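# An overview of the molecular structure
Spelled out from the first residue to the last, the chains are:
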Amino acid sequence: MAEEGKKQKNVLSMFPQPQIQEFKEAFTMIDQNRDGFIDVEDLKDIYSSLGRTPDPKQLDEMVKEAPGSLNFTSFLTLFGEKLHGTDPESTILSAFQMFDADNAGELPEEYVKDLLMNMGDNFTPDEIKQTWKEAPISGGIVDYKKFTKIIKGSDTDNV
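Here is a short report on the structure shown in this document. The residue numbers shown here count from 1 along each chain, following its written sequence. Residue-level local features of this predicted model are given only where pLDDT is at least 70; pairs of side-chain atoms are given and counted only at 80 or more, and the full residue set underlies all totals for whole chains, interfaces and linings. To obtain the side-chain values, all non-hydrogen atoms of the structure were used and water was disregarded.

Working definition: an aromatic ring pair is given by the centre-to-centre distance plus the angle between the planes. Each aromatic pair joins two rings of Phe, Tyr and Trp (for Trp, the six-membered one) with centres within 6.5 Å, and gets the label stacked for planes under 30 degrees apart, edge-to-face for over 60, and tilted for any other angle. In the structure shown here, the tally under the stated rule is seven aromatic pairs. Arranged with centres 5.3 Å apart and planes meeting at 20°, the rings of Phe 96 and Tyr 144 form a pair that is stacked. Of the two residues, Phe 96 sits in helix H6 (residues 89–97) while Tyr 144 sits in helix H9 (residues 144–152), which places them 48 residues apart along the sequence. Between the aromatic rings of Phe 99 and Tyr 111, the centroid separation amounts to 6.1 Å while the plane-to-plane angle is 75°, which identifies the pairing as edge-to-face. You can see Phe 99 sitting in the loop between H6 and strand E1 (106–108) and its partner Tyr 111 sitting in helix H7 (residues 109–118), a full 12 residues away along the chain. Each helix is a run of H or I in the DSSP string that is no shorter than four residues. Each strand is a run of E no shorter than two, and both are numbered from the N terminus.

Laid out in structure tokens, this is it:
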């Protein structure tokens, strides 16, 4: 229960209060049966109210985007990830793990800098400097498990 409270606090800090209220109104509108969860039936009903007949496979895929039951906290988390343009925590962690042959959860700082500046969407020196303000670096080593939690706004106490 305490874990859910911490997660909810982090999710709520992603948005200004008026936007959270708008999301709550949208959630309530979609939650047609008012059980506090959005499921396939709710989605089907909301589509029907808009005069559309949804593909059942598409509805299933929409519901499966949530890691579990789609309550308001999960709804906010999904929107946060979509709106803030970050990948799920597991994807970010997997990306770091690809370069960690020993699976130690750590990578040399200079190696990570080199990867960020020369692979994929190349970071500028200013972007590296900004990123390093948040990065858990000790003795030239990046704790990428903790860093992933920081990026996602998750609890870093249990790393």
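More follows now that the structure is in view.
Put simply, a salt bridge is a Lys or Arg side-chain nitrogen that is within 4 Å of an Asp or Glu carboxyl oxygen. Applying the stated criterion across every chain yields a total of four salt bridges. Linking Glu 109 and Lys 113 is a salt bridge whose minimum nitrogen-to-oxygen distance equals 3.8 Å. Of this pair, Glu 109 and Lys 113 both sit in helix H7, four residues apart, which is roughly one turn of the helix. Classification of Lys 113 by relative accessible area gives partly exposed; the value is 22%. Put simply, Glu 109, Glu 110 and Lys 113 are held in one network by salt bridges that share partners. Summary of the burial criterion: residues with accessible area below 20% of their type's maximum are buried, those above 50% are exposed, and those between are partly exposed, where the area comes from a 1.4 Å probe applied to protein chains only.

Let's shift gears to the sheet that holds E1. Here a strand pair is declared whenever DSSP counts at least two bridges between the two strands. If you walk across this open sheet you meet the three strands as E1-E3-E2, and the pairing is antiparallel. Here the strands that pair on one side only, and so sit at the sheet edges, are E1 and strand E2 (137–138). Relative to the sheet, H7 contacts E1, E2 and strand E3 (141–143), its axis offset from that of E1 by approximately 80°. Running over the sheet, H9 touches E1 and E3 and is turned about 55° from E3. It only takes one pair of heavy atoms within 4.5 Å for two residues to be counted as in contact. Orientation is described by lines fitted to C-alpha atoms, with helices fitted over the stretch in contact, and by angles between N-to-C directions that extend from 0 to 180 degrees.

Turning to the environment of Met 29, a few remarks are in order. The topology assignment puts Met 29 in helix H2 (residues 17–30). Separated by 13 residues in sequence, Met 29 and Asp 42 place their C-alpha atoms 9.3 Å apart. Excluding anything up to four places from it in sequence, Met 29 contacts Arg 34 and Ile 46.

Turning our eyes to something else, we now look at the packing of helix H3 (residues 40–49) against helix H4 (residues 56–64). It is the contact of H3 with H4, at a shortest axis distance of 9 Å, that shows an interaxial angle of 125°. As far as their axial angle goes, H4 and H3 are oblique. Handedness of the H3/H4 crossing: right-handed. Every residue of H4 that contacts H3 at Val 40, Leu 43, Lys 44 and Tyr 47 is listed here: Gln 58, Leu 59, Asp 60, Met 62 and Val 63. Note that Gly is not counted as nonpolar here; it falls among the polar residues with everything else outside the nonpolar set of Ala, Val, Leu, Ile, Met, Phe, Trp, Tyr, Cys and Pro and the charged set of Asp, Glu, Lys and Arg. Of the residues that constitute the contact of H3 with H4, the class distribution is six nonpolar, one polar and two charged. Small angles under 35 degrees read as roughly parallel and large ones over 145 as roughly antiparallel, with 65 to 115 read as roughly perpendicular and the rest as oblique. Crossings are sorted by hand: turned counterclockwise from the far helix by less than a right angle, the near helix makes the crossing left-handed, and turned clockwise it makes it right-handed.

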